[in-house]
Amino acid sequence: MASERNDGGTMEDPLFILESGEVYRNPTEVKMSQIVLPCHANGCGELSVGQLLKWMDSTACLSAERHTGCSCITASVDDIHFEHTIGVGQVVNIKAKVNRAFTSSMEVGIVVSCEDLFTGRQWKVCHAFATFVARRTETGKVQLKQVIPRTQLEQMEYSIAAERRRMRLIHAEVMNDLLSSSTAQLGECQEYDDAVPAEITQVESVELVLPPHANHQVSTFGGQIMAWMENVATIAASRLCKAHPTLRTIDMFHFRGPSHIGDRLVLKAIVNNAFKNSMEVGVCAEAYKGGDPLRHINSAFMTFEVLDRDRKPITLPRIRPEPVDGKRRYKEAIARKKIRLDRKYIISCKQTEVPLSVPWDPSNQMYLSYNNVSALKLLAARNNWELSSEKNKVSLYTLEENHMLCFKVETDVNVPAEQVFHLLSDLRRRQEWDRHYKQCDEIVEVDEEDTIYRVATPSVSKGSKGQDFILLASRRKPCDARDPFLIALRSVTLPHHPPTEDCARGEVLCAGFSILEESPSVTKLSYYNKATPGVLPYISTDIAGLSSGFYCTFSSCSHYLEQNRDSLAARPASSL
């Protein structure tokens, strides 16, 4: 049974009242409510995750089609973590809405909650992000209309959707690189006398795609394929643990091609590795018709647990991998587990639960970069900033959030936005206009978009040490004309750059620039910062109105930008 914790207050957006007095509702929002019947349940009397995936996919597809006005197909689904199970007799409430539309694809956000009809309690089960693609029409490729965010929450999701899309596009390449480097370091698989041979967990099943399995476009329903995959994965997991397993996580997956009525769908599953309290099952779906060769439809990795009567995970038996491919899958499962933990630690946790400085290494770079940019976008999307002071068109705003003071400095500069972006992207030049930057050295150039710097700042008072910061700078160009250029900053730790006796190590949780083009020659420049203890000494007098240091710094910044307005040295070679 699911936990009885009441999370109902976090499930609905705050009411947004239109000028007409009507309550605003997102035009793409679709809701589905289903009571869980015995035919929907597994052997434990809980809702089958396969059935839940079918309902989620249906709801998301209807939302996508409401936005496009034409047929849509599921392209991919991001990681899903199931926080709770759902029992027979309880109600599943699913809400889906389009967060953002791109050229021909769109991101649909899905939230699943459970409701107990007898007590009125509600709790969140999971959330997911699915990508849908509009099908071609007789007139050709569909050009999607843009989503117009109206509420603060919609603006946040709209902004971060671009960053999630970027991560999806590079996900496969990054994962392959990480798996190759990680598995090479693992050495030989350990042998255990009591290990269970992996081959006994192997499952192969074939399904004939019939009209009830197809959607209204006569293609095999994506949710149905996911349900069949979950079914064979559950059988494989059960063969290892000799019990009813509980599905906890499905990793991001992509549909490689379509399937249609009359296809034979071959589904294969095997336990890749078993850890202390969880196991990873790999699943593959392929299709064929008649004598045609197999077509790869989808692959996924699912993580299962087995729970005792107190709903605590039990210890699982070890597994002995098959030779060659089995050993490769065994090692890759270990590497994926580490990547999964990094991802959950960096992305899924609330920011108040994550240390200011997270250790950086190549395996978590993608997620640290995502977290860095997303945190800045969330801060910029807040609509409750309060004007603290204003001087010569430089405005200082403050916002208190979770007992943390945030501030924003904003001004207009007569320099094109792209040039401002290039001039501010290299932190080594910041000391030319910012007196708080005593020295800045590049430590690691991760890639074209991410660089790690060491920044030294002067002491605030006589007799005190100066500070230094190890900062990850993540740069992003606009996804479309309504997006700003972004330069996001956050602290990371590097083992070869520990704190020194000469400087106190400071930390930055979230900071950076938003650079928005207002016209071809005018740019709105905004600087954001969540004031950590390491940052507060430098800005406390400005916040209190006892100093105009921010005005001086940003005036100097404006002067620096205008002086270098036509400087080619600021631009990367690729843009010259």
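Residues numbered from 1 in each chain as written. Predicted model: local features only at pLDDT ≥ 70, side-chain atom pairs only at ≥ 80, totals over all residues. Heavy atoms only, no water.

Please provide a residue-by-residue account of the nonpolar core, values included.
For soluble globular proteins, the rule of thumb is that nonpolar side chains tend to be buried together. In terms of nonpolar packing, the biggest core is built from 74 residues, with Met-56, Ile-110, Met-279 and Val-281 touching the most fellow members. A total of 10 residues in this core trace back to one element, the largest contributor, which is helix α3 (residues 222-241). In contact with Met-279, not counting residues within four places along its chain, are Ala-237, Leu-240, Cys-241, Val-271, Asn-273, Ala-274, Met-302, Thr-303, Phe-304, Val-306 and Leu-316. Leu-423, Leu-427, Leu-489 and Ala-531 belong to the second-largest nonpolar core, a separate cluster that totals 35 residues. (Core = buried A, V, L, I, M, F, W, Y, C linked by side-chain atoms within 4.5 Å. Buried < 20%, exposed > 50% of the residue type's maximum accessible area, 1.4 Å probe, protein only. Helix = DSSP H or I, 4+ residues; strand = E, 2+ residues; numbered from the N terminus. Contact = heavy atoms within 4.5 Å.)

Which residues make up the sheet that holds strand β13 (residues 295-305), and what values go with them?
Neighbouring strands of a sheet are bound in pairs by backbone hydrogen bonds; such pairs are parallel or else antiparallel. Read from one edge to the other, the open sheet built from six strands follows the order β3-β9-β13-β12-β11-β8, with strand pairing classed as antiparallel. With partners counted over all chains shown, the strands left at the sheet margins are β3 (80-81) and β8 (203-208), one partner each. Sheet analysis places β8 next to strand β11 (residues 264-274), joined by six bridges and oriented antiparallel. Pairing of Val-203 across the sheet is with Ala-269, part of β11. (Pairing = 2+ DSSP bridges.)

Now, about the side chain of Glu-107: what can you tell me, with residues and values included?
Its location among the elements puts Glu-107 in strand β5 (residues 105-115). Setting aside residues up to four positions removed in sequence, Glu-107 forms contacts with Lys-97, Val-98, Asn-99, Arg-100, Phe-129, Ala-130, Ala-161, Arg-164 and Arg-168.

Tell me about the confidence of the model for the protein, and please be specific about residues and values.
Across the protein, pLDDT averages 86, with 87% of residues at or above 70. Between residues 1-11, whose pLDDT stays under 50, and residues either more than four places distant or in other chains, the model counts 25 contacts. With pLDDT under 50 throughout, residues 571-576 is counted as low confidence; its partners more than four residues away or in other chains account for five contacts. (pLDDT = per-residue confidence, 0-100.)

Requested: an account of the packing of aromatic side chains, with residues and values cited.
Applying the stated criterion across every chain yields a total of seven aromatic pairs. Following the ring pairs from residue to residue traces out a cluster consisting of Phe-407, Trp-433, Phe-513, Tyr-527 and Phe-554. Lying across the ring of Phe-102, Arg-165 places its NZ or CZ 4.6 Å from the centre. (Phe/Tyr/Trp six-rings, centres within 6.5 Å; stacked < 30°, edge-to-face > 60°. Lys NZ or Arg CZ within 6 Å of the ring centre and 35° of its normal.)

Pulling in residues and values, what's your account of helix α6 (residues 417-425)?
The buried count for α6 comes to eight of nine residues, which makes it a mostly enclosed element. Within α6 the residues assigned to the buried category are Ala-417, Gln-419, Val-420, Phe-421, His-422, Leu-423, Leu-424 and Ser-425.

Which residues make up the pairing of β5, and what values do they have?
Counted residue by residue, β5 has nine buried out of 11 residues, so it is predominantly covered. Bridge analysis of strand β4 (residues 91-101) against β5 gives 10 bridges, and the strand direction is antiparallel. Bridge pairing in β5 places Ala-96 opposite Ile-110. Between the antiparallel neighbours β4 and β5 lie three residues. With 11 bridges joining them, β5 and strand β6 (residues 122-134) adopt antiparallel strand pairing. Residue Glu-107 lies in a different strand from β6, and its bridge partner there is Thr-131. Here β5 hands over to β6 after six residues, with Gly-120 in that stretch at a positive phi of 80 degrees.

With reference to specific residues and values, describe the sheet that holds β5.
Judged by pairing direction, the sheet is antiparallel, and its six strands sit side by side in the order β1-β4-β5-β6-β2-β10 without closing on themselves. Single-partner strands in this sheet number two, and they are β1 (30-35) and β10 (253-254). Taken together, the six bridges between β1 and β4 define a ladder with antiparallel strand orientation. Note on β4: the bridge partner recorded for Val-30 is Ala-96. Sheet contacts for helix α1 (residues 49-68): β1, β2 (72-77), β4, β5 and β6; angle to β4, the most-contacted strand, approximately 40 degrees. (Axes fitted to C-alpha atoms, helices over the stretch in contact; angles between N-to-C directions.)

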